[in-house]
Amino acid sequence: MNPALLIHEIFFVIVYFVRVDLWMLKNPTLAALARTCRAFKEPALDMLWFELDDLSPLVRCLPRDSWNDDREESITPLVYSFTRPLTETEWCTLQGYTRRIRALKLHWPHKTLDETAIRVLCNRLCNRLTTDPLFPNIQLIFWSDPTRERFSFIRSLVGQETTSLTIKNWGKDWGTGELAILATLTARCPKMKIVCLPDSDSIQLSNGISGTLCGWDSLTDVDCDVIEETTMLHLGGLRSLTSLSFVLERHDALSRSTQPFVGMFTSLSSLVVTTTRMDDIRLLMLRLRVQLKSLEVSVETCPEQREVKPFLLALEQSCSRDHLRSIDILHTFSTLHQARHLPLTIDDFSPLTFFSNLKEIYFDTGCQIELDGSDILELASAWQCLTTLSLNERHGWRTCSGISPLDLLPLIRKCPQLKTLTVMLNSESLSTIPLDQPGCGFSSDKLLHLDVLDSQIKDKSVAPLAALLSDLFPKLDYIRHWIDAMCGRRADVGQQPVWWRVNEALKQFSMVRNQERRFKEHTNGGAWAAALPARG
């Protein structure tokens, strides 16, 4: 055996990749490694038991006469139950495995243990000889069971080493009792860092959840429902907090207050806010002075054109110019402003040019957009590191775009790293395939995804557009349009066959371009001439 395998750290890395590669196969290789020799046993067992998605494997490690399995119907999974109290030796056997478990991801409605078996394992009714927790090293809990009876068991699953808690959904009948259970976790899990709690329609439940967060002082990531002003002040004082996601209520004190958060959120790099109106998030941003890398805003009410620019101007005051890398502004519902409302223009987007290091821009407010080639080039001039530019992907521009496919050439020159582009194009000017290359030989193999939204195209522009795009973007093999059923967007039946022909032509032109490049490579390298048969 190679001596390197005797080094615990090296072998642990090996078994980690064995676990990842064979996760869906229930890791028979890890079980075999654990039985190979004593040197492999401990690290292999640690990785084998690292994560469980239910508690039944623990039951199957006990003697066969201590448990029973039953299946109510052929399509339902086996349900395990205990047939007798467990002995002290059997509890020791269990603890030999439970001390290795680091993550529990208990999914609902996947049920493999009956209520009594869960109660025995969690509360250890048969083992009164020790006060040690059953899962002493558990670090992550994922809970998606909405039943009230089982939620109380979560207190027995967590421990002093628990640092991550995710509750997927609240039960409809949850109330004061469940809040009391949640409140006890602050003392049981003092090292908690990551908390992810679902939204709730109950004001009482939302307020109780918000108060529970104040019991943890080492949080790094928080994802929850409504946050009260006092909780916001507590989180703002945590130097460990790097990511925050919450719902901003219109009538809450947090949205009405104008007092700045001075010296707070010093380490915050990611902020996700869901709100009803864009103006509410504007007021909140004016209170913040943060060095965000990522900002995501979801607005339920479609904002008007006059609300967009003030919001973006507020970002200039609250966010660091050099740190912001990604911005995502989305109108979540389908209600849109009609044509009588003013569209967004270059003047509305101009505040975003303040952030010169932006890499990803997802902007979809539901407002109409009017931009031409010079406008998009002016914006792109400020974002030389941009990799993604998406404007109204879900709602479309709903106007006549002023951006020609030929405008993509200077755009790519300004943003050489651009990989994903979502804009509306106007291909009216393309009617014939030019004799010379439009880019004079320039091309970008970075652009992989092009979405033209609700762009209109005529038959005469099919071949010229495909020829142009295949020349500028050699790795682009498909153009998305609203006819794409997988996008779940409105379809223009009349445009559907035309865009199909564009994509088919794009494939054919791309094959021809590849032939041309191979010919040039062979010719320049002399290989083509050498391959020709000798004369005479």
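Residues numbered from 1 in each chain as written. Predicted model: local features only at pLDDT ≥ 70, side-chain atom pairs only at ≥ 80, totals over all residues. Heavy atoms only, no water.

S.K.: Can you help me understand helix α9 (residues 176-188) in this one?
M.R.: Because the α-helix completes a turn every 3.6 residues, residues three or four places apart line up on one side. Counted at 1.5 Å a residue, the expected span for α9 with its 13 residues is 18 Å, and the 19 Å between its end C-alpha atoms agrees. Taken together, the buried positions of α9 are occupied by Glu 178, Leu 179, Ile 181, Leu 182, Leu 185 and Thr 186. Looking straight down α9, one finds that the buried residues subtend no more than 165 degrees of arc, so they occupy a single side. Exposed residues lying more than 90 degrees from the buried face of α9 are Thr 176 and Ala 187. Packing partners of the buried residues in α9 comprise α7 (148-151), α8 (154-157), β6 (164-167) and α10 (203-213). (Helix = DSSP H or I, 4+ residues; strand = E, 2+ residues; numbered from the N terminus. Expected span 1.5 Å × (residues − 1). Buried < 20%, exposed > 50% of the residue type's maximum accessible area, 1.4 Å probe, protein only. Arc of directions from axis to C-beta. Contact = heavy atoms within 4.5 Å.)

S.K.: Looking at this model, I keep getting lost on the nonpolar core. Mind explaining?
M.R.: Buried together is how nonpolar side chains tend to be arranged in soluble globular proteins. Judged by nonpolar contacts, the single largest core of 138 residues is most densely connected at Leu 244 and Met 285. A total of six residues in this core trace back to one element, the largest contributor, which is helix α18 (residues 462-472). Residues contacting Leu 244, with those up to four places away along its chain left out, are Val 222, Ile 227, Met 232, Leu 235, Phe 265, Leu 268, Ser 270, Leu 271 and Val 272. (Core = buried A, V, L, I, M, F, W, Y, C linked by side-chain atoms within 4.5 Å.)

S.K.: Is there a simple way to explain the state of the cysteines in this structure?
M.R.: Covalently bonding the sulfur atom of one cysteine to the sulfur atom of another cysteine gives a disulfide. Counted according to the given criterion, the structure contains zero disulfides. Looking at the unpaired Cys 367, the closest cysteine sulfur is the one in Cys 302, lying at 4.7 Å. Classification of Cys 367 by relative accessible area gives buried; the value is 2%. Free cysteine Cys 385: the closest other cysteine sulfur is in Cys 415, separated by 9.2 Å. Overall, Cys 385 belongs to the partly exposed group, its relative accessible area being 33%. (Disulfide = S-S within 2.5 Å.)

S.K.: It is not clear to me how the pairing of β6 should be interpreted in this structure. Could you clarify?
M.R.: The side chains of a regular strand alternate between the sheet's two faces. Side chains Ser 164 and Thr 166 project from β6 onto one buried face, and the interleaved Leu 165 and Ile 167 project onto a second face that is buried too. Pairing geometry for strand β5 (residues 140-143) and β6, over four bridges, is parallel. Following the sheet pairing, Trp 143 is matched in β6 by Ile 167. Across three bridges, the pairing between β6 and strand β7 (residues 194-196) is parallel. (Pairing = 2+ DSSP bridges.)

S.K.: Help me understand the packing of aromatic side chains in this model?
M.R.: Within this structure, the stated rule accounts for eight aromatic pairs. Ring centres 4.5 Å apart and planes at 40 degrees place the aromatic pair Phe 151 and Trp 174 in the tilted group. On the criterion of sequence distance, the pair formed by Phe 151 in helix α7 and Trp 174 in the loop between β6 and α9 is long-range, its members being 23 residues apart. Classification of Phe 151 as buried rests on a relative accessible area of 0%. For Trp 174, a relative accessible area of 7% gives the class buried. Geometrically, the ring pair formed by Trp 170 and Trp 174 is edge-to-face, given 5.3 Å between the ring centres and 65 degrees between the ring planes. Residues Trp 170 and Trp 174 agree in their burial class; the two are buried. Here a set of aromatic residues connected by ring pairs shows up, and it is made of Trp 143, Phe 151, Trp 170 and Trp 174. (Phe/Tyr/Trp six-rings, centres within 6.5 Å; stacked < 30°, edge-to-face > 60°.)

S.K.: Can you walk me through the confidence of the model for the protein in this structure?
M.R.: Close inspection of predicted coordinates is inappropriate in any region flagged by low pLDDT. Per-residue confidence for the protein gives a mean pLDDT of 84; residues scoring 70 or more make up 85%. Residue range residues 125-129 is modelled with pLDDT below 50. Its contacts to residues more than four positions away, or to other chains, number eight contacts. (pLDDT = per-residue confidence, 0-100.)

S.K.: What is the right way to look at the pattern of salt bridges in this model?
M.R.: Once their charged atoms are close, side chains differing in charge can pair, the charge on each being opposite to the other. Within the structure shown, the criterion is met by 19 salt bridges. Across the pair Lys 105 and Glu 51 runs a salt bridge whose closest N-O atoms are separated by 3.8 Å. Separated by 54 residues along the polypeptide, Lys 105 in strand β4 (residues 103-106) and Glu 51 in strand β1 (residues 51-52) bring together distant segments of the chain. A relative accessible area of 16% places Glu 51 in the buried class. Between Glu 504 and Lys 507 there is a salt bridge, and its shortest N-O distance comes to 3.9 Å. (Salt bridge = Lys/Arg side-chain N within 4 Å of Asp/Glu carboxyl O.)

S.K.: Would you take a moment to explain the environment of Leu 219 for this structure?
M.R.: Tracing the chain through its elements places Leu 219 in the loop between α10 and β8 (221-226). Separated by 25 residues in sequence, Leu 219 and Ile 194 place their C-alpha atoms 6.1 Å apart. The contact partners of Leu 219, leaving out residues within four places of it in the chain, are Met 192, Lys 193, Val 195, Leu 213, Leu 235, Leu 238, Ser 240 and Leu 241.

S.K.: What is the right way to look at a nonpolar patch on the surface in this model?
M.R.: Taken together, the side chains of Ile 7, Ile 10 and Ile 14 define a hydrophobic patch exposed on the protein surface, amounting to about 230 Å² of accessible area. For Ile 14, the location among the structural elements is in helix α1 (residues 8-21). (Patch = residues over 30% accessible without salt bridge, like charges linked within 9 Å, V, L, I, M, F, W, Y side chains within 5 Å. Areas by Shrake-Rupley, 256 points an atom, 1.4 Å probe, with all protein chains shown as cover.)

S.K.: Help me understand unusual backbone geometry, please; the structure alone is not making it clear to me.
M.R.: With the exception of glycine, the majority of residues adopt a negative phi angle, and the majority of peptide bonds are in the trans configuration. Backbone geometry at Phe 265 places phi at a positive 55 degrees, although glycine is not the residue there. The residue Phe 265 is located in the loop between α12 (253-256) and β10 (270-275) in this model. At Arg 398, a residue that is not glycine, the phi angle is positive and equals roughly 55 degrees.

S.K.: Would you take a moment to explain the packing of helix α13 (residues 278-287) against helix α14 (residues 305-318) for this structure?
M.R.: Packed helices, taken two at a time, are described by the angle their axes make and the gap between the axes. Here α13 crosses α14 at 20 degrees, and the two axes come no closer than 8 Å. The angle between the axes of α13 and α14 places the two elements in the roughly parallel class. The way α13 lies across α14 gives a crossing that is left-handed. Between α13 and α14, the contacting residues are Met 278, Asp 279, Ile 281, Arg 282, Met 285 and Leu 286 on the first element and Glu 307, Val 308, Pro 310, Phe 311, Ala 314, Leu 315, Gln 317 and Ser 318 on the second. When grouped by side-chain class, the residues that make up the contact of α13 with α14 number nine nonpolar, two polar and three charged. (Axes fitted to C-alpha atoms, helices over the stretch in contact; angles between N-to-C directions. Parallel < 35°, antiparallel > 145°, perpendicular 65-115°, else oblique. Left-handed = near helix turned anticlockwise from the far one by under 90°. Nonpolar A, V, L, I, M, F, W, Y, C, P; charged D, E, K, R; others polar.)

S.K.: What's the story with the side chain of Ser 444 in this structure? I'm lost.
M.R.: Structurally, Ser 444 can be placed in the loop between β15 (420-422) and β16 (449-451). Looking at Ser 444, its side chain comes within polar contact range of the main-chain nitrogen of Lys 446, at 3.3 Å. Sequence-distant contacts of Ser 444, defined by excluding residues within four places in its chain, comprise Ile 412, Pro 416, Leu 472, Phe 473 and Pro 474. (Polar contact = N/O pair within 3.5 Å; in protein donor to acceptor, adjacent residues only side chain to side chain.)

S.K.: Just checking my understanding: could you explain the packing of α9 against α10 for this structure?
M.R.: One way to put it is that α9 packs onto α10 with a least axis distance of 10 Å and a crossing angle of 10 degrees. Comparing the axis directions of α9 and α10 gives the class roughly parallel. Counting all contacts with α9, which are made through Thr 176, Leu 179, Leu 182, Ala 183 and Thr 186, the residues of α10 involved are Gln 204, Leu 205, Gly 208, Ile 209 and Thr 212. Class assignment for the residues of the contact of α9 with α10 results in five nonpolar, five polar and no charged.

S.K.: Can you walk me through α14 in this structure?
M.R.: Of the residues making up α14, those classed as buried are Gln 305, Val 308, Phe 311, Leu 312, Ala 314, Leu 315 and Ser 318. On its buried face, α14 is in contact with α13, β11 (294-299), β12 (326-331), α15 (346-349) and β13 (360-364).

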